[in-house]
Amino acid sequence: MKKKCLKRAGAAALAVLIAAAGFTACSGKEEKQTDGGTEVVLNEVAHSIFYAPMYVAIEEGYFAEEGIELTLVTGFGADKTMTAVLTDQADIGFMGSESTIYTYVGGTQDYVVNFAQLTQRAGNFLVSREPVENFTWDMLKGKTVLGGRAGGMPEMVFEYILNKNGIDPKADLTIDQSIDFGSTAAAFSGGQGDYTVEFEPHATALEEKGDGYVAASLGEDSGYVPYTSFSAKKSYLEDHPEIVQAFTNALQKGMDYVASHTPAEIAEVIAPQFPETELATITTIVERYHNQDTWKTDLIFEEESFMLLQNILKDSKVLEETVPYEDLVTTEFAKKAASQ
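My aim in this report is to walk through the structure given alongside it, one point at a time. Residues take numbers from 1 onward in each chain, read along the sequence in its written order. With pLDDT at 70 or above as the cut-off, local features in this predicted model cover only qualifying residues; side-chain atom pairs require 80 or more to be listed or tallied, and sums for whole chains, interfaces and linings still use all residues. As a rule here, side-chain values come from all non-hydrogen atoms in the structure, and water together with hydrogens is ignored.

1. Thoughts on the packing of helix H12 (residues 241-260) against helix H17 (residues 332-339)
Where H12 meets H17, the closest approach of the two axes is 9 Å, and the angle between their N-to-C directions is 50°. When the axes of H12 and H17 are compared, the pair comes out oblique. Handedness of the H12/H17 crossing: right-handed. Taken together, the residues of H17 that come into contact with H12 (itself represented by Pro241, Val244, Gln245, Thr248, Asn249 and Gln252) are Glu332, Phe333, Ala334, Lys336, Ala337 and Ala338. Residues are grouped as follows: nonpolar covers Ala, Val, Leu, Ile, Met, Phe, Trp, Tyr, Cys and Pro; charged covers Asp, Glu, Lys and Arg; every other residue, Gly included, is treated as polar. Grouping the constituent residues of the contact of H12 with H17 by class yields 6 nonpolar, 4 polar and 2 charged. Between N-to-C directions, angles cover 0 to 180 degrees, with each direction set by a line fitted to C-alpha atoms, over the stretch in contact for helices. Elements are defined by DSSP. Helices are runs of H or I of four residues or more, strands are runs of E of two residues or more, and each kind is numbered from the N terminus. Angular relationships are summarised with four words: roughly parallel below 35 degrees, roughly antiparallel beyond 145, roughly perpendicular across 65 to 115, and oblique for the angles in between. If you view the pair so one helix is near and one far, a crossing is left-handed when the near helix is turned anticlockwise from the far one by less than a right angle, and right-handed when it is turned clockwise. Should any heavy atoms of two residues lie within 4.5 Å, those residues are considered in contact.

2. What about H12?
The end-to-end C-alpha separation of H12 is 28 Å, in line with the 28 Å expected for 20 residues at 1.5 Å each. Only protein chains enter the calculation, and the probe is 1.4 Å; a residue is then buried if its accessible area is under 20% of its type maximum, exposed if over 50%, and partly exposed in between. Of all 20 residues that make up H12, 14 are buried, and the element is covered over most of its length. Every helix has an expected span of 1.5 Å times one less than the residues it contains.

3. Observations concerning the packing of helix H13 (residues 263-270) against helix H14 (residues 279-291)
The description of two packed helices rests on the angle between their axes and on the distance between the axes. Where H13 meets H14, the closest approach of the two axes is 8 Å, and the angle between their N-to-C directions is 125°. Classed by the angle they form, the pair H13 and H14 counts as oblique. Once H13 is placed against H14, the crossing between them reads as right-handed. Contacts from Pro263, Ala264, Ile266, Ala267, Glu268 and Ile270 in H13 reach Leu279, Ile282, Thr283, Val286, Glu287 and His290 in H14.

4. Here we look at unusual backbone geometry
Cis geometry marks the peptide bond from Glu200 to Pro201, where omega comes out at 10°. The backbone phi angle of Asn134 is positive, close to 55°, even though this residue is not glycine. Mapped onto the elements, Asn134 comes out in the loop between strand E6 (124-128) and strand E7 (144-146). Positive phi outside glycine occurs at Lys317, with the angle close to 65°. Summarising the element assignment, Lys317 is placed in the loop between helix H15 (303-315) and helix H16 (325-328). A residue is classified by how much of its surface remains accessible, and Lys317, at 53% relative accessible area, is exposed.

5. Topic: helix H5 (residues 78-86)
Within H5, 8 of the 9 residues are buried, leaving the element largely enclosed by the surrounding structure. Regarding H5, the residues found buried are Ala78, Asp79, Thr81, Met82, Thr83, Ala84, Val85 and Leu86. The positive-phi residue at the C-terminal boundary of H5 is Asp88, with phi of around 65°.

Right, dumping it as structure tokens:
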């Protein structure tokens with residue numbers, strides 16, 4: 001019955017992900033102990049300053065304090081991160097929670113459940129080829145924009161904003177979705193597109209090279225959206241609740257730090273995570289995210305936010321019917337972490 005909820009377009013976009021789900025429905029993973037604590041493999045969708053609270057938790061030793069030896073792997077795309085979780089290459093995934101909906105409606109038995117929400121706004125920016133004063137979204141009419149993968153949060157939030165502004169994503173502009181995640185900035189520098197949608201540090205890097213100019217923040221113009229969350233297979237949450245709680249406790253400490261420190265202080269802490277980026281640039285990016293209220297103060301994934309996400313999926317024609325909040329979100333761990 002659940003399969004009827006997923007439109008053909010969404011299923012096609014995540015065919016690899018759902019195929020992987022079919023092979024791992026009943027698999028499990030043993031807990032491993034080392035001198036540094038319990039081993040936990042976290043696969044992140046991208047390595048971006050957008051996720052500053054998580055990197056604060058790593059650099060400040062909060063995971064180690066909670067008895068976790070964390071291995072961080074970058075998946076370079078939500079489909080790849082989800083596949084890593086489903087195939088037990090990762091214990092926990094960090095990505096847009098739309099992927100958990102796709103696997104659920106795809107019929108996965110041991111589906112993936114969200115247990116902690118990190119960001120509450122989109123983290124990408126619209127970058128123009130030339131400086132634009134007083135940008136309005138109707139300026140995109142007739143233009144070519146380097147966009148994201150169909151069914152992914154970056155692309156869906158972009159289309160959500162366009163629809164809010166009375167712009168038809170299919171008829172009023174050309175959205176080029178042929179370029180791999182993480183390669184759009186290089187393609188834009190090479191002359192492709194009139195605009196591109198970029199995460200940091202790529203947006204600021206384009207500005208610094210003179211190849212592009214930030215014209216708009218998708219985070220500001222989309223409003224509060226549950227953009228990224230931490231999730232794990234239902235079986236992992238059931239079998240290792242103490243590990244998930246310790247992991248969430250460490251994340252909450254990172255959230256607390258970000259909420260109580262300046263962008264400059266945050267940038268200095270997370271700088272080792274971005275050795276190729278100058279501290280001044282990291283500070284600029286953190287300040288940009290800080291000023292748009294990117295990060296929640298707790299990790300609780302509220303039902304209202306989950307329903308907004310599903311409305312965005314429906315607007316993008318990748319979801320027909322809503323799925324149960326209580327199946328795909330648990331707030332148990334986040335609430336306990338916030339109360340400590």
